[in-house]
Amino acid sequence: MSEIKFPQNFNDLADQQTEQSGFFVEDKWSDLPDSVEPFIEDIKSIEKLTQSDIDTIFNVINFLPQLSDNQKRDVIESIFDIASQMLDMSLTDESSSTSKNSTKIVTYFLVNFCHKMENIFKGSVATATTTKSRGKSKSAKAGSFQWQEWRAICLEFMFKFISVDQSRLWSMGVVHENFLMAFWRYPLDLLESKPEGIAGTGKVEVANRKVCSSLLAYSARHLDAGSSQSGGLTAFVTALVDSMTRYEHMTSEIADLCAKSTACGKICSEIMGEIGRMNMSELSKSGGAGVKNVGCFLTSLAESSPGVVTAYLPLVMNHLDSEVYQIRSAVVTAMGLTIGFIYRECSNALNQQSADDEASGVNLRSLVRLRDDMLDILVERTRDVNAFTRAAVLKVWVSLVEHEALPVVRIGSVAEVALDRMSDKTAAVRKGAVALMTALLDFNPFSGSLNIDHYRALKDKLEKRLQDRMQVVSQHSAAESETGDERDIKPEPSEDNVTETQTESQEVMEFQDDPEIVALSAELSKCISCLELLQSIDSSVPVIEGMIASRTSSDVIEALRFFSRAVNFGVSGSARCLQSSFSLIWHQEESIQMECLNTFVNVFVTDGGENGGRALAPAEVAHNLVTLCLKCSDSDLTSFEKIVGELFNRKIVSDSAGVIQCLWKMAVNAHMQRTQGNSVSDSTGPSLTLHGPLLVLRMISKYASEDIFGASKIRFLCTSCLEMGVELDTEAMRAAAMCLQCAPSYISCATKPSSSEIQEIQSSLMTACERLLTVLSDRLNRFDTESATRGWFAVCEESVYALYHCHPCPDEALSQLITCMYSSWHTSCCDGIESAEHSVVSLCRLARLVYMLGQGALSTLLYTEKIANLAKKANEARAKLAPKEDASAVSAEGDYEANQDVEAMEEEMGMAAAADAEHEKEFNSIVELELVCNENNILGKFHPMVAYIVANANGHYAHPIIRETAVLSLCRYMSVSSILCQKYLPLFFTVLERESCERIRTSMIIAAGDLCFRFPNEIEPWTSHLYSRLSDSMLLVRYNTLMVLTHLILNDMIKVKGQVSAVVMCLVDESDKIQSLARLFFTELSKRSNNPVYNLLGDVIGNLSRDGAVENDVVDSIEGAVVEEAIAGVVHEHRPLTTEEFQTTMQFLLSFVTKDKQADSLLERLLMRITAAHSMKQKRNLAYCISRLPITDKGVKRMTELLRQMKDSLLDKTILESFRQVVSKAKKTVKGAVDVKEAAAEFDEFVTAVLNGDNTENISPLDSIVPHKPTTKTPKKKTVKKAKTVRKAKEWDSDEDDAEESDIEDDFEVVKASNKSTQRQKKILKEVNA
């Protein structure tokens, strides 16, 4: 029997009636017989396959959906048994061609049975799912027939069949392509659809998928071995590519198939060629994720089998010019993986290559050339038009650097690429650029320290050595040529004209033969590449420092990671940038907080290695913390304290007790060095100061669980820091005072049970108080110089707080201290000695006295509040215990229920709230009347003297140190009592206006902010004076004023009124810091529910759009308010804005108008103002504002109504251009009714007529447009049925509507006022000027 042929489709068997094929169906059933059991029995009894058997099996499989589950099971069992027996027989040597053909036929039927069964199984699963969704529980199995089990059995048989030596079944071992198509089509369909039993992570599912992949691999191997012109190979490749584009999960499967079929070059070549011929633009338009899937395939194939991609990558390189960015990104990613593969191949070849392996050397050179070409393409693609592709290229660069697959000579150019992409507009690209620069640092092939000065010196040294060596080689070669044999060196006549190029080539050959020159050249090239890298890193430091302040979290996180590595490599400026990033610990995003904390840990707590690194020794951690603390500024110390607290609170520091012990040891050694000189040295260095370890200990004590400052530690602080020795160390004194505030307070010790430990602590605290009083009173006159006095101020602030923390009666101690200081100053004033030195002594003592008064007042307030809170808690605790005692007493008399009723009644009547109110009233009475206002109190006696010094009426107290302390002391007095605050407010703001010292004005502005928080009602009439400081001549004053106003307004401590124009002027300030802060202010203000920025825009535009000076013949009704403010003396004129400044400011502010209702209202107000404006500059400014607003249907109608009034304004080219922009915007956005479109067309016609100079009289307003009338505010009816929460939610909206209506009414008044006689206007101006 000859080799049979199989049809392409199973149903074609019935149409194939020629005996030449050897396989066909003669009798095809038109319908299923009534009884199928006899035919199934015939199948079971098959021993030798006949034509009738073929017909029976075909018909049964064809009508398989109509069979019962038991019948299906019997059919598959019979076919499987027959196929298994026939396969075993066919593999024997005695098997005939007929037996082999029968085996192939039965196997073909088995595969098609599986195809049919899968379709039935999918339908049953869908039916079961639908039934289950309707509430009926039904299994997803095809009846009682367990097809999943039989599927695994059939797959195993198919694998057994395809994996045997096909030469024993087929002629010359070539499988018929149609037979093979049935074999690979079935597992491909299974992998695509992933039915139950194939999808999942179970052992059976994984095994089934593995068998399916193996079937595809064997099929690919047989197809590759066949003819390349056959249709089977093309169909297989087409099916794979189609599956790849439709199913994302198939990309990895097909990539694995190509990796398994690396010997099958035809399959891989055809797939890559098919991908290269794809039209990616059309594929992306067709929908789905086809392009994405193709890209995933290329990436997966490059990861699993980079050798295949290396061979066939040129087939898809044309997609680098595709318009679809996904395929470009995938190609560059595959290129990166290929470059890594080439690097590994070259490394292995260099390690294993023999000297005579010439062929391997040629292959190596070709790979190197291919790598260099791809690297050039990657450099070019870093400027791709799409940001996703640029980010993908940067990821490729990072991967190459991390795998050390980048040539050393290219490191400098790659660093330049990273530096260039840091200024990209897309966050993902900037993130990749910073990550690339960080990777270049981490994996640099040079050294652990990247000091650019070192490498510059090394470069000069190598160049000199190379030049000297080349000179020596040249001289040696010349000497050899002179001493050689005369016959050997005799030149031929033709050699007289040796060219210069030949001579140079000979010299190069001589230099290449010298190993020392070759080594020096390689080392010099490496040094030059390192210098290029370092120059790029140094240039990137300021750029990355700016990214720390970015609003994009990825920028901030990558910048922190870069600086954490740069510090370890000693990059110039990185330590300063890292220190400035400590403030990120307060960031709102938790991810940035954690990254800031991790960066700190990597630099100062661990060695910065991978996976958290190795923890440093406690002594080294302590030294790092102290060193960093000493470098921090006052603002950085707050953030540093927060970071240190988080380290110990979260137990990030593994040996926290060891670190604390090392800090105490450092403090003891520093004290011994100071007292005994340099004879005692410390391992951490002799320059260690005493206050550094104490400051760190104080930070740790706030978060540590154990008590750091016990009795012995307090005594050490008194001995080491609070002794008035030969050398004054004010920083150590201040640090000791801060540490004492973290020790157990005297009050807390008094509330605890008495013990020897408590008594020892109390004794130590009293000793500390005596030392503090000695330092503050300066009995030894150690602070009588101006510099020493300024150091004393810092000591005084913390010492007074410590005194109130440790002393049992701090008010008495303060009274004695002030009396002593006053006596000392009074004595110096009454000595009668007139000299410059004596005058300085008197001023310093007076300054210390005044400073102590202010600090004492503030500390007394805080201490009183603390005592009041303790008393309140004690009263509450006593009140809770009293009812229980009364209940126990009353219960004995049998009246317990009556007592319970009394308690409930008291609770309903609010007795507890009344007690709290009484307590608060008593506390306020003490603070207002007793602390600083009562003349019987020591503090109350001196506030007139402080006010007299601040006033400086006779000029005797003009010294800066006196002025600063007196103003600060007065502000602290005012912050205690509202009576004193209201009394001295005129003096305060008078001094603020007249003071010439920048520092004093800044301090007063900050103090004014504190007073607003403390007494907002008293400060409210004076807020205009705060706004006036926004136009101060000094940058520091303006910045702090804006900062204070920002906090006050955003915290609702003061209301935003007409003075907001002064804040708007900050948007065009000469300082970038002030501009950024002003933008932040309006951005945060716009987030309020009522959008205050919109409500203020009318006044802002009106004020800023005017000319600088008020015209004598122009006064509108708005100026009535200006007249009243001028009479009150609170108007502060602003400089007029230039056109560019006005447009920049308004563009920013009008961006907050987002609602159509707001845009319509503001447009109407601006249109009225532009018709009433007299100045052309004001009209232009108002027209620009109109052009920046969103235009709605209502806005188009309103502009059409006011055509006649605006005709004169449209004659100006600038105004006309603005309205042309409005017309252009209206055409794009207006989507209203017919009348609205007609109104827009009429407005366009009118503007065009004005532009062309045509007659506009013929253009009349449309009849369909109802003229707009001003709406009057009508009282709204209250609906009782509405919920209270609804009324609250609508409160801001109603206020906004009222504001709009009032603004419109005001604008109508403006229009009316513009028509009044100029005589009355001039009269008003004369009255104002008078």
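Residues numbered from 1 in each chain as written. Predicted model: local features only at pLDDT ≥ 70, side-chain atom pairs only at ≥ 80, totals over all residues. Heavy atoms only, no water.

1. A closer look at the overall build of the protein
When helices and strands are counted, the protein shows 59 helices and 0 strands. A total of 1330 residues make up the protein; the buried ones form 47% of that total. Of the roughly 66500 Å² of accessible surface on the protein, a fraction of 50% belongs to carbon and sulfur atoms. (Helix = DSSP H or I, 4+ residues; strand = E, 2+ residues; numbered from the N terminus. Buried < 20%, exposed > 50% of the residue type's maximum accessible area, 1.4 Å probe, protein only. Areas by Shrake-Rupley, 256 points an atom, 1.4 Å probe, with all protein chains shown as cover.)

2. Overview of the side chain of Thr-103
By the secondary structure assignment, Thr-103 is in helix 4 (residues 97-133). The class for Thr-103 is buried, based on a relative accessible area of 0%. Beyond its immediate stretch of four places on either side in the chain, Thr-103 contacts Met-86, Leu-87, Ser-90 and Phe-161. (Contact = heavy atoms within 4.5 Å.)

3. Some thoughts on the pattern of salt bridges
One side chain can pair with another of opposite charge once the charged atoms of both are near each other. Counting across every chain of the model gives 38 salt bridges. Here Arg-421 and Asp-420 are joined by a salt bridge, their closest N and O atoms 2.8 Å apart. With a closest N to O distance of 3.8 Å, Arg-614 and Asp-607 form a salt bridge. Judged by its relative accessible area of 37%, Asp-607 falls in the partly exposed class. Beyond isolated ion pairs, a larger network of salt bridges with shared partners links Arg-383, Arg-390, Asp-420, Arg-421 and Asp-424. (Salt bridge = Lys/Arg side-chain N within 4 Å of Asp/Glu carboxyl O.)

4. Side note on the confidence of the model for the protein
Scored by pLDDT, the protein comes out at a mean of 78, with 77% of its residues at no less than 70. Mean pLDDT across the secondary structure elements of the protein bottoms out at helix 57 (residues 1284-1289), with 35, and peaks at helix 16 (residues 387-402), with 94. Low confidence marks residues 130-143, where pLDDT is under 50. Its contacts with residues over four positions away, or in another chain, come to 14 contacts. Within the model, pLDDT remains below 50 along residues 1109-1132, and this stretch shows 30 contacts once partners closer than five positions in the same chain are excluded. (pLDDT = per-residue confidence, 0-100.)

5. A short note on helix 40 (residues 960-976)
Spanning 17 residues, helix 40 covers 25 Å between terminal C-alpha atoms, matching the ideal 24 Å at 1.5 Å per step. With 15 of 17 residues buried, helix 40 lies mostly within the body of the structure. (Expected span 1.5 Å × (residues − 1).)

6. Details of unusual backbone geometry
Phi is positive for Lys-651, which is not a glycine, with a value near 60 degrees. As for its position among the elements, Lys-651 is in the loop between helix 27 (634-649) and helix 28 (656-676). When its relative accessible area of 58% is taken as the criterion, Lys-651 is described as exposed.

7. Describing the packing of aromatic side chains
For the coordinates displayed, the defined rule picks out 29 aromatic pairs. Within the aromatic cluster, the residues linked to one another by ring pairs are Tyr-108, Phe-161, Phe-179 and Phe-183. (Phe/Tyr/Trp six-rings, centres within 6.5 Å; stacked < 30°, edge-to-face > 60°.)

8. Some details on the packing of helix 7 (residues 203-225) against helix 8 (residues 231-246)
Across the interface, helix 7 lies against helix 8 with an axial gap of 10 Å and an inter-helix angle of 145 degrees. In this structure, the crossing between helix 7 and helix 8 has a hand that is left-handed. Here Leu-216, Ala-220 and Leu-223 of helix 7 lie close against helix 8, whose contacting residues are Gly-232, Leu-233 and Phe-236. Classifying every residue of the contact of helix 7 with helix 8 by side-chain character gives 5 nonpolar, 1 polar and no charged. (Axes fitted to C-alpha atoms, helices over the stretch in contact; angles between N-to-C directions. Left-handed = near helix turned anticlockwise from the far one by under 90°. Nonpolar A, V, L, I, M, F, W, Y, C, P; charged D, E, K, R; others polar.)

9. Let's talk about a negative patch on the surface
On the surface, Glu-865, Glu-876, Asp-916 and Glu-920 cluster together into a negatively charged patch. Take Glu-920: it is sitting in helix 38 (residues 911-931). Given the relative accessible area of 40%, Glu-920 is considered partly exposed. (Patch = residues over 30% accessible without salt bridge, like charges linked within 9 Å, V, L, I, M, F, W, Y side chains within 5 Å. Lys, Arg positive; Asp, Glu negative; His and termini not counted. Charge placed at Lys NZ, Arg CZ, Asp CG, Glu CD.)

10. Some remarks on helix 22 (residues 515-547)
With 33 residues, helix 22 extends 47 Å between its outermost C-alpha atoms, agreeing within 8% with the 48 Å of an ideal straight helix rising 1.5 Å per residue. Maximum bend of helix 22: about 35 degrees, positioned at Val-541, with proline Pro-542 one to four residues after it. (Bend = angle between axes of the 7 residues up to and from the residue.)

11. Some details on the nonpolar core
For soluble globular proteins, the rule of thumb is that nonpolar side chains tend to be buried together. One finds Phe-297, Phe-640 and Phe-1082 to be the most contacted residues of the largest nonpolar core, which totals 373 residues. Once residues within four sequence positions are removed from consideration, Phe-1082 is found in contact with Val-1060, Val-1063, Val-1064, Leu-1067, Val-1093, Phe-1148, Leu-1149 and Phe-1152. (Core = buried A, V, L, I, M, F, W, Y, C linked by side-chain atoms within 4.5 Å.)

12. Quick notes on the environment of Met-335
Looking at the element boundaries, Met-335 is found in helix 14 (residues 325-352). Here the alpha-carbon distance between Met-335 and Arg-371, two residues 36 residues apart in the chain, equals 8.9 Å. Setting aside anything within four residues of it in sequence, one finds Met-335 in contact with Leu-313, Met-317, Leu-320, Met-374, Ile-377 and Leu-378.

13. Digging into the state of the cysteines
Scanning all chains against the criterion turns up 0 disulfides. Not part of a disulfide, Cys-971 finds its nearest cysteine sulfur in Cys-981, a span of 9.5 Å. (Disulfide = S-S within 2.5 Å.)

14. Here we look at the side chain of Glu-646
Turning to its location among the elements, Glu-646 is positioned in helix 27. Glu-646 has contacts with Leu-597 and Ile-652, leaving out every residue within four places of it along the chain.

15. Brief notes about the packing of helix 5 (residues 147-163) against helix 6 (residues 177-193)
Packed helices, taken two at a time, are described by the angle between their axes plus the distance between the axes. The contact between helix 5 and helix 6 brings their axes to 12 Å, and the two run at 140 degrees. It follows from the interaxial angle that helix 5 and helix 6 lie oblique. Remark: the crossing between helix 5 and helix 6 carries left-handed chirality. Contacts between helix 5 and helix 6 pair Trp-147, Arg-151, Leu-155, Met-158, Phe-161 and Ile-162 from the former with Phe-179, Leu-180, Phe-183, Tyr-186 and Leu-190 from the latter. Class assignment of the residues belonging to the contact of helix 5 with helix 6 gives a composition of 10 nonpolar, no polar and 1 charged. (Parallel < 35°, antiparallel > 145°, perpendicular 65-115°, else oblique.)

16. Here we look at the environment of Ala-1008
The residue Ala-1008 is located in helix 42 (residues 998-1014) in this model. With a relative accessible area of 2%, Ala-1008 lands in the buried category. A sequence separation of 36 residues divides Ala-1008 from Val-1044, and the C-alpha atoms of the two residues are 8.4 Å apart. In this structure, Ala-1008 is in contact with Phe-988 and Leu-1026, ignoring residues within four places of it in sequence.

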